[in-house]
Amino acid sequence: GTIITIPSCGSIILDAGEGTLGSMIRHFGPLGSPGRDGRMSLEEFLRGIKCIFISHLHADHHFGVVRILDMWNRLQHGTDAVIYVAAPGRFMKWLDEYSDVQDIGLSRIRFIDNRNLLRRNTPIKSIDSTIQAMLNSLKLQRMESVEVIHCAAAYGVSIEHTQGWKIVYSGDTRPCEDLILVGKNATLLIHEATFENDLIEDALEKRHSTTEEAVKSVLLTHFSQRYPKVPIFTDDHGTVGISFDLMEVTIGDLYKLPKYVRALKILYADECAKRKPMEAKFAITKYETNIL
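Remember, it's a predicted structure, so these values are computed and weren't measured experimentally. (Residues numbered from 1 in each chain as written. Predicted model: local features only at pLDDT ≥ 70, side-chain atom pairs only at ≥ 80, totals over all residues. Heavy atoms only, no water.)

### Re the overall build of the protein chain
Then comes step 1: Scanning the protein chain from terminus to terminus reveals 12 helices and 11 strands.
Then comes step 2: Buried residues in the protein chain amount to 48% of all 292 residues.
Then comes step 3: Sequence separation of at least 24 residues holds for 55% of the intrachain contacts in the protein chain that already meet a minimum separation of 6.
Then comes step 4: As displayed, the protein chain has an accessible area near 15,000 Å², and 51% of this comes from carbon and sulfur atoms. (Helix = DSSP H or I, 4+ residues; strand = E, 2+ residues; numbered from the N terminus. Buried < 20%, exposed > 50% of the residue type's maximum accessible area, 1.4 Å probe, protein only. Contact = heavy atoms within 4.5 Å. Areas by Shrake-Rupley, 256 points an atom, 1.4 Å probe, with all protein chains shown as cover.)

Encoded structure:
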């Protein structure tokens, strides 16, 4: 999962696999402990979650939601707080059925079908008021979904803040023209990069993107488990950053991320050599020359 924290407003979670809450605990510390290194505590963070966006209904993108909702609901006991969940329509039925087994605060959930966030759609008045309330709670200018090329009911999302920044999240997808259009002038594009370039046939079959297809001005995520260290690029890309578990970066520091790619390729040169010996050797030679 990816977290967008908006100071003085709260947080948005973009997808949540089953290990998401565990990652939060590793990042913020156990529940009940003070914040680490000047960060907020886990309890403060969980209380501040305002919205969860689910791009599609594959397990690695939504199985962690109920644990987060359960914890959030417990911490909000005695308050009138609500949480917005934007997802494919069938997800609400799943939450409804799950709530028969465990109390996840269903009455507090304000559900928004991702179809109602599509630019071309005009939601009915009651849904529109829910969307507007969500935007107001996070001081957002707009939040628009876009249909992407993956499975049925798969969406990306564009999030624009009143201060002018814009973050676009691809979810899982092949390169997608509609995502390009909605992502125009984005401050940051968070794009999946499941396969390396010579696995283009796998990417086509499974409707994912290769690293080279994804790189424009982006933060790459969703690497396959076949790449335990760092993804392989065939060229340098001066506007691309690589994400890692528990990584934290501010909008103001985004420009720094591409500067770490060279260092990461040198740091994990042995790992790269196992995959692409000639490419790794070339990369090290070139970087040493530039550094000197």
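### Looking at the pattern of salt bridges
Between side chains of opposite charge, pairing is possible as soon as their charged atoms come close.
Then comes step 1: Under the counting rule described, the total for this entry stands at seven salt bridges.
Then comes step 2: For D70, the salt bridge identified is with R74, shortest N-O distance 3.1 Å. In this pair, D70 and R74 both sit in helix α4 (residues 65-75), four residues apart, roughly one turn of the helix.
Then comes step 3: Look at R74 and you get exposed, because its relative accessible area is 57%.
Then comes step 4: Two residues, E144 and R119, come together in a salt bridge whose shortest N-O distance is 2.9 Å. Placement of E144 in strand β6 (residues 140-147) and of R119 in the loop between β5 (109-113) and α6 (125-138) is noted, with a sequence separation of 25 residues between them.
Then comes step 5: A relative accessible area of 58% means that R119 is categorised as exposed. (Salt bridge = Lys/Arg side-chain N within 4 Å of Asp/Glu carboxyl O.)

### Some words on the sheet that holds strand β1 (residues 2-6)
Then comes step 1: Taken in spatial order, the five strands line up as β1-β2-β3-β4-β5 in an open sheet, and their pairing is mixed. Bordering the open sheet on either side are β1 and β5, each of which pairs with just one other strand. Strand-to-strand, the axes of this sheet are offset by a mean angle of 15°, without reference to chain direction.
Then comes step 2: With four bridges connecting them, strand β2 (residues 10-14) and strand β3 (residues 49-53) associate as parallel partners. In the sheet register, I13 faces β3, and the bridge partner there is I52.
Then comes step 3: Sitting on the sheet, α4 touches β2, β3, β4 (83-87) and β5, and the angle it makes with β3 is about 165°. (Pairing = 2+ DSSP bridges. Axes fitted to C-alpha atoms, helices over the stretch in contact; angles between N-to-C directions.)

### Things to note about the environment of C176
Then comes step 1: Among the secondary structure elements, C176 is positioned in the loop between β8 (166-169) and α7 (177-182).
Then comes step 2: Placed 20 residues apart in sequence, C176 and G156 show a C-alpha to C-alpha distance of 9.9 Å.
Then comes step 3: With residues near it in sequence (within four places) discarded, C176 still touches E147, V148 and I149.

### Let's talk about unusual backbone geometry
Then comes step 1: Of note, the phi angle at D15 is positive, near 65°, even though the residue is not glycine.
Then comes step 2: By the element assignment, D15 lies in the loop between β2 and α1 (20-28).
Then comes step 3: The exposure class assigned to D15 is buried, which follows from its relative accessible area of 3%.
Then comes step 4: A positive phi angle, near 55°, is found at K139, a position not held by glycine.
Then comes step 5: Within the secondary structure layout, K139 lies in the loop between α6 and β6.

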